[in-house]
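Here are the chains, one letter per residue:
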Amino acid sequence: QVQLLESGGGLVQAGGSLRLSCAASGRTFGSYAMGWFRQAPGKEREFVAAISYANGVTAYTDSVKGRFTISRDNAKNTVYLQMNSLKPEDTAGYYCAAASAYRTLALDHRADYWGQGTQVTVSS
């Protein structure tokens, strides 16, 4: 079992930045691929980014490429999502996710474990 706890959400103006953090506990963090998803009101949850557990391979949805960066610190059992040049359409609940296989997150856009989410609101 893996427990995930997100933090770092908030209200920011368009063009601003936020860094989300996700602290993991439970089974060995370093053996899991990690990712971020988001869900806006009235919309389905969508994949945002993923990072592999060993060599730092990453994947992003097209709408955030060049603006968001996913990273992880295995010593701290934490994964981050640095979000720059935020847009109002980035407003959503952001969810941390973990999977035993990288492709589950990056290709299948599914996860084995989910966090409770943190709200990001971007004002215009």
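Now for a look at the structure at hand.

### Side note on the side chain of R67
Working step 1: Within the secondary structure layout, R67 lies in the loop between β6 (58-60) and β7 (68-73).
Working step 2: For R67, a relative accessible area of 10% corresponds to the buried category.
Working step 3: A polar side-chain atom of R67 sits 2.9 Å from the main-chain carbonyl oxygen of S63.
Working step 4: Once residues within four sequence positions are removed from consideration, R67 is found in contact with Q82, M83, N84, S85, L86, K87 and D90.

### A short note on the state of the cysteines
Working step 1: Considering all chains together, one arrives at one disulfide under this definition.
Working step 2: With its sulfur 2.1 Å from that of its partner, C22 forms a disulfide with C96. Taking the sign of the S-S torsion, about -85° here, the bridge from C22 to C96 comes out left-handed. With a gap of 74 residues between them, C22 in strand β3 (residues 18-26) and C96 in strand β9 (residues 92-99) connect regions that are remote in the sequence.
Working step 3: A relative accessible area of 0% means that C96 is categorised as buried.

What counts and how
Residues numbered from 1 in each chain as written. Predicted model: local features only at pLDDT ≥ 70, side-chain atom pairs only at ≥ 80, totals over all residues. Heavy atoms only, no water. Helix = DSSP H or I, 4+ residues; strand = E, 2+ residues; numbered from the N terminus. Buried < 20%, exposed > 50% of the residue type's maximum accessible area, 1.4 Å probe, protein only. Polar contact = N/O pair within 3.5 Å; in protein donor to acceptor, adjacent residues only side chain to side chain. Contact = heavy atoms within 4.5 Å. Disulfide = S-S within 2.5 Å.

What is shown is where atoms sit, not what they do.
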